[in-house]
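So the chains spell out like this:
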Amino acid sequence: MDSIAERLADKQKEISVGEFFERNKHILGFDSLTKALVTAVKEGVDNSLDSCEEAGILPDIKVVIREVDDEEYRVSVEDNGPGIPKRKIPDVFGKLLYGSRFHEIRQSRGQQGIGVSAVVMYGQLTTGKPTLVRSKVKEKDYAQEMKITLDTKKNEPDVLSKEVVLWEDKEHGTLFETTIRGLLRSGKHSVFEYLKNTAIVNPHARITYVRNGDTTVFKRATDQLPGKTKAVKPHIEGIELGTFAKMAKNSDRRKLVSFLVNDFSRISYNTARDICEEAGIEEEMKPRDLDVESCKKLLKATKNVKIMAPKTDCLSPIKSMLIKKGLKNVLKGYRPEFYAPPITRDPEVASGNPFQVEVGLVYGGDLPSDGPVRVLRFANRVPLMYKKGGCATTTAIQQIDWRIYGLDQKGGSGMPRGPVIILIHVASTRVPFTSEAKEAIADIPVIVDEIERGLRECARELRTHLNKKEKRKKVSKKFMIVKDILPMIAEKSASIVGKETPSLDKVMTNIMGVVYIDKKMEWNNGAAEGIIEIMNYTSKEREMSLFIEKPYPETELLDSSREPEHDGDYIEWKLEKLKPSKTSKIKFKFSNLDKEDIDGTDVFIDGVNETHLIGAEPLPDDWGVELADIHEED
Amino acid sequence: MKERHKNALRELEDIAEDIYDQLIEGNIPNMRIPTRTKNNIEFDDHQGVWKYGKSKSTRSAKKLKGARMILRTLYMLEFIRDMIGEDKSSTLREMYYISESWEKGKFNRQSESNRLAEDMEIVTDCLREDFKLRPEEDGARVIGDITVEEKNRKGEIRNINCRDDVGDSGYTIPYNVEEDKIKFTDTNVDFLIAIETGGMFDRLVENGFDEQANCLLVHLKGQPARSTRRMIKRLNEEEGIPVVVFTDGDPWSFRIFSSVAYGAIKSAHLSEYLATPGAEYIGITASDIMNYDLPTDKLTKTDRKALRQELEDPRFDTQFWRDEIETMLEIDKKAEQQALAKYGLDYVTDVYLPEKLEEAGLM
């Protein structure tokens, strides 16, 4: 006779993955009609970006959305990626949880979604229509085109039709087109916002968005592809019991020690033996014979054995320069007055997974100044659009007293207010999300701390900027006194007392008390022309040296109204005996300079105390130290 | 040119001379004037009024604001010099509009130009009338048995009895109430009541209180104009008429009283001309609100702030005012003088004022 347990077990029916997700659409990101469209686009775009990068191709992605019926949209995503071989197409689009990246440990976008097959399933469930896929690999002259649905019971693809087509003007790439129920909205949670934010952190991508016939193009801001990410073995510190047990079960290693040494990162032979000893488990036993209890003991033992932290070179941060380019590229319409140099923190480790935080901050211009600051959140270069409140990024922002950095903030906590956009990017081999929906980063203290440090670095730059601005404002007020008001006071008082208008040189220098440097650069016939004016509004005769750094090594000084003292990586001019209230001018011309970089050159001055200097920086102590030996590591 | 204008001109030119000399020496021009805040008013024992103390503020061209003020001063000075030369005069408001053409020296608000005109009075020790400037507001009304001799526009002398020769709205105080314009030829009143609101003034007129109590009714029209205060001062000083002030019961009314009796902070340089030291307060007090059980309003935030400021104001540093202000803050209520109508239209003239005046020893 069957045992009761066996009889009960017979009654339990297997629920397929497909059926499970069909009942739990929210896990896939289809919990509202508006979100459904964003998710559909996101799955497609994430895949496209990942595959382009893996193949070393600069992504060119086109997203088209057209309303075909009430609450029904046709969505297509087309890329110039390497394409998908014919035999793999059905699985990629018609099978849930299928994918090259799913079992790997590396920084990728793909880990954040369930995959494009979920979009296929959602489309078929809500409109009954199949998804059209077209893909072409470089080696072939033609493209494959298929219509696919998903058998939710078996979690297997159903290919409804297969065709070979010509894809003109396309060397390689993939296009999928699906029809889904949804709602196209604008605003914070829109497809537009998602693509815009994607463009910011993926400045190497060109993204075209066609919405009911209206086209927006996010142009490529750099030709530099992100560094390739490396797949790494898991670090034992962050592994879950179930995963560990599964790895042991599937391992071909004959001994437990070699399993620990070879299937995990950063465990040496000696360390492995220490772990076994600490756990009280025979190091020679076969890993596949480990029971759950033993697995538990082993994992517990790792806590008491010193294990090297995981390697962090598997991450690919965006890096300061490209974050700035990305922000500038997308936000230039706001004409922000200040971009804090973006911060890329050193990698750190959270529960066995390396992670790296990057922060950028943009201030002023036409950004709205009356509301809370805007936050752009990213995990592995993918915008996080929902659940802002429960995100580590928000926690980090709110625990800073922004008032000391010059922003408004009620009571010194909560969201600061002002014309600011903050960008936060967390890259990791495994981003710890708060839930399966993968919309917010969990409040893990070491991650929150890193974000906070990055924010503070940017915030300090903001404060410096605001202080400088304040100083300039004061000086411009003084200029107004000296240039507009004082001459009138002199004229009026002279006319009332009936005497000659007095000379104002001395009074002017008394009021200003600074050496004022004004640098203007203009673009003229492919060369940058600059004028530096030096005005001595102090009561002393001044001698000084002016320095400017060449923006690029190939930049050349074409012309200079004053013979430079030095012309190399930097240019130095010497100025002798500038009398009080006198002005001197230097005109020069640069070649080989990008138009957009002409404002980037700062003027440095040696010989004038910082407190008497406006419009230029004092010469840094390390000026002229050769930096040739320091290279950025890829 | 009259002597007073000649003198004013000399004083004004001294200011310009001073600025010019500073420029010639290469110094940043500045002007020093008495600080015009409540922290810099002192009681003048001799005259019994509050005047500016010794503390001075510097207006320096080192700061944009100061530079602008100096330029404005010079423009205003030139404007006054031209008016005196051409024997013209202008209202303060006209001068404000004329400043539109003063470029960097133009004013943003009339209160700024009014204030600078006061500054000039202080620095030169002249009156704005010496500068040919006059206020645009018309004077307040007066009813009661006094006779004034006023020189009209044509230079003719008219005798006007302020009870019999006028309508219900009374005699209007002109902006110039100095000897050369107005003389008091006959005064048959026992005292003078200065009344804050027009409503109450009309009530007392309708009830015939001027005859009933043999007094002169003067309408203050809120914060009283200089000419109203000067008129009250002259009647008190020259004719020996006691003065009482009848106002609402709130912090702003207390300030109205203090500007009549002690001198206003804004015009403390003129206190000896404008303030009537013996004036007594018979307006609504916090005690009245309780004793007469008057209808009230709750104090607003600004009311409470004003009351607390008054507690730090040296002019209110007496037992009576401290008690009344603190009580008002405590009960958190204020009342209008017309709230007395709760007991009927005649209550104010039949009960309230007789009681108050008896306390003051005037009835």
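**Re the overall build of chain A**
Phase 1: Scanning chain A from N- to C-terminus turns up 14 helices and 24 strands.
Phase 2: Across the 634 residues of chain A, 50% fall into the buried class.
Phase 3: Put simply, chain A shows about 31,800 Å² of open surface, and 45% of that area lies on carbon and sulfur atoms.

**Some details on the interface of chain A and chain B**
Phase 1: Of the residues lining the interface, 24 residues belong to chain A; the matching set on chain B comes to 27 residues.
Phase 2: Between chain A and chain B the total buried area reaches about 2,300 Å² when both faces are included, carbon and sulfur atoms providing 74% of it.
Phase 3: Among the residues of chain A in contact with chain B, Ile489(A), Lys492(A) and Ile496(A) are the three that bury the most area, contributing 27% of the side total.
Phase 4: Across the salt bridge formed by Lys499(A) and Glu17(B), the nearest N and O atoms sit 3.2 Å from each other.
Phase 5: Counting across the interface, chain A meets chain B through 5 residue pairs in polar contact (both at pLDDT 80 or more).
Phase 6: For the side of chain A that touches chain B, the elements supplying multiple residues, two or more each, are helix 13 (445-497) and helix 14 (505-512) of chain A.

**Topic: a nonpolar patch on the surface**
Residues and elements named next belong to chain A.
Phase 1: On the surface, a nonpolar cluster with roughly 310 Å² of combined accessible area is contributed by Tyr142, Val164 and Leu166.
Phase 2: Along the chain, the position of Leu166 falls in the loop between strand 5 (156-165) and strand 6 (173-181).
Phase 3: Leu166 gets classed as exposed once you look at its relative accessible area, which sits at 66%.

**Here's the deal with the sheet that holds strand 8 (residues 146-151) of chain B**
Residue and element names in this part refer to chain B.
Phase 1: Spatially, 9-8-11 is the arrangement adopted by the 3 strands of the open sheet, whose pairing is antiparallel. Two strands lie at the open edges of the sheet, namely strand 9 (157-161) and strand 11 (182-187), each paired on one side alone. Here the average twist between neighbouring strands, direction ignored, is 25 degrees.
Phase 2: With 5 bridges connecting them, strand 8 and strand 11 associate as antiparallel partners. Within strand 11, the position partnered with Glu150 by the bridge is Ile182.
Phase 3: Strands in contact with helix 7 (residues 226-239) are strand 8 and strand 11; relative to strand 11, the strand with the most contacts, it is inclined by about 55 degrees.

**As for the confidence of the model for chain A**
Phase 1: Here chain A shows a mean pLDDT of 85. Residues at 70 or above account for 91%.
Phase 2: Low pLDDT (under 50) marks residues 626-634 of chain A, which in the prediction has 4 contacts with non-local residues, meaning those over four places away or in another chain.

**A word on the packing of helix 8 (residues 251-261) of chain B against helix 12 (residues 319-331) of chain B**
Residue and element names in this part refer to chain B.
Phase 1: It is at 12 Å that the axes of helix 8 and helix 12 come closest, and there the two elements cross at 160 degrees. On the basis of their axis angle, the class for helix 8 and helix 12 is roughly antiparallel. Helix-helix and strand crossings are classified by hand; for helix 8 and helix 12 the assignment is left-handed. Across the interface between the two elements, Pro251, Phe254 and Phe257 of helix 8 pack against Trp321, Ile325 and Met328 of helix 12.
Phase 2: Looking at side-chain class alone, the contact of helix 8 with helix 12 contains 6 nonpolar, no polar and no charged residues.

**Section: a positive patch on the surface**
Phase 1: On the surface, Lys473(A), Lys474(A), Lys477(A), Lys62(B) and Lys63(B) cluster together to form a positively charged patch.
Phase 2: Within the fold, Lys63(B) resides in the loop between strand 4 (56-60) and helix 2 (64-86).
Phase 3: Note on Lys63(B): relative accessible area 61%, which makes it exposed.

**What about the pattern of salt bridges?**
All names here are of chain A.
Phase 1: On inspection of all chains with the given rule, the structure shows 67 salt bridges over all chains.
Phase 2: Ionic pairing is found between Arg74 and Glu177, a salt bridge with its closest N-O pair at 4.0 Å. Here the residue Arg74 occupies a position in strand 2 (residues 72-78), and Glu177 occupies one in strand 6, the gap between them amounting to 103 residues.
Phase 3: Taking relative accessible area as the criterion, Glu177 reaches 29% and is therefore assigned partly exposed.
Phase 4: Between Lys170 and Glu78 there is a salt bridge, with its nearest N and O atoms 2.9 Å apart. In this pair, Lys170 is assigned in the loop between strand 5 and strand 6 and Glu78 in strand 2, connecting sequence segments 92 residues apart.
Phase 5: Judged by its relative accessible area of 15%, Lys170 falls in the buried class.

**Some thoughts on the packing of aromatic side chains**
Phase 1: The full count for this structure, using the stated rule, is 30 aromatic pairs over all chains.
Phase 2: Ring centres of Phe257(B) and Tyr281(B) lie 5.3 Å apart, and the angle between their planes is 70 degrees; on these two criteria the pair is classed as edge-to-face. Linking Phe257(B) in helix 8 with Tyr281(B) in strand 15 (residues 280-281), this pair joins segments that are 24 residues apart in sequence.
Phase 3: The class of Phe257(B) is buried, set by a relative accessible area of 3%.
Phase 4: The cationic tip of Lys35(A) hangs over the ring face of Tyr386(A); the distance from NZ or CZ to the ring centre is 4.4 Å.
Phase 5: We note Lys328(A) situated over the ring of Tyr339(A); from NZ or CZ to the ring centre the distance is 5.5 Å.

**Describing a negative patch on the surface**
All names here are of chain B.
Phase 1: A surface patch of like charges, here negative, comprises Asp14, Asp18, Asp21 and Glu25.
Phase 2: On the secondary structure map, Glu25 appears in the loop between helix 1 (3-24) and strand 1 (30-34).
Phase 3: On the basis of relative accessibility, which here comes to 54%, the residue Glu25 falls in the exposed class.

Conventions we followed
Every chain is numbered independently, its residues counted from 1 as its sequence is written. Here every chain gets a letter starting at A, and every ligand a number starting at 1, in the order they are written. Per-residue local features of the predicted model are confined to residues with pLDDT of at least 70, and side-chain atom pairs are confined, for both listing and counting, to 80 or more; whole-chain, interface and lining totals are unaffected and use all residues. To obtain the side-chain values, all non-hydrogen atoms of the structure were used and water was disregarded. By definition, any uninterrupted DSSP run of H or I lasting at least four residues is a helix, any uninterrupted run of E lasting at least two residues is a strand, and each is numbered from the N terminus. Think of it in three bands: with a 1.4 Å probe and only protein chains considered, a residue is buried below 20% of the maximum accessible area for its type, exposed above 50%, and partly exposed in between. Values of accessible area rely on a 1.4 Å probe in the Shrake-Rupley scheme; residue burial ignores everything except the protein chains shown. Any two residues having at least one pair of non-hydrogen atoms within 4.5 Å are treated as being in contact. Buried area is calculated as the accessible area (1.4 Å probe) missing from two parts once they are joined, with the contributions of both summed. Basic side-chain nitrogens of Lys or Arg form a salt bridge, by our definition, when they fall within 4 Å of a carboxyl oxygen of Asp or Glu. Any N or O atom pair separated by 3.5 Å or less is treated as a polar contact, with the protein-specific requirement of one donor-capable and one acceptor-capable atom, and with residues adjacent in sequence counted only for side-chain atom pairs. Patch membership requires more than 30% relative accessible area and the absence of a salt bridge. Residues of like charge join within 9 Å; the nonpolar side chains Val, Leu, Ile, Met, Phe, Trp and Tyr join within 5 Å. At least two DSSP bridges between two strands are required for those strands to pair. Every angle, taken between N-to-C directions, lies between 0 and 180 degrees, and every axis is a line fitted to C-alpha atoms, over only the stretch in contact when it is a helix. pLDDT: the predictor's confidence for each residue, scored from 0 to 100. Here is the rule for angles: anything less than 35 degrees is roughly parallel, anything more than 145 is roughly antiparallel, 65 through 115 is roughly perpendicular, and the remaining ranges are oblique. Handedness of a crossing follows from how the near helix is turned relative to the far one, being left-handed for an anticlockwise turn of less than a right angle and right-handed for a clockwise one. Ten residues, namely Ala, Val, Leu, Ile, Met, Phe, Trp, Tyr, Cys and Pro, are considered nonpolar, four, namely Asp, Glu, Lys and Arg, are considered charged, and the remaining ones, Gly among them, are considered polar. Counting rule for charge: Lys and Arg are taken as positive, Asp and Glu as negative, and neither His nor the chain ends is counted. Charge coordinates come from a single atom per side chain, which is NZ of Lys, CZ of Arg, CG of Asp or CD of Glu. Any two of the Phe, Tyr and Trp rings considered here, Trp counted by its six-membered ring, make a pair once their centres fall within 6.5 Å; the pair's planes then place it as stacked at under 30 degrees, edge-to-face at over 60, or tilted in between. Placement of a positive charge over a ring is assigned whenever Lys NZ or Arg CZ falls within 6 Å of the ring centre and within 35 degrees of the normal to the ring plane.

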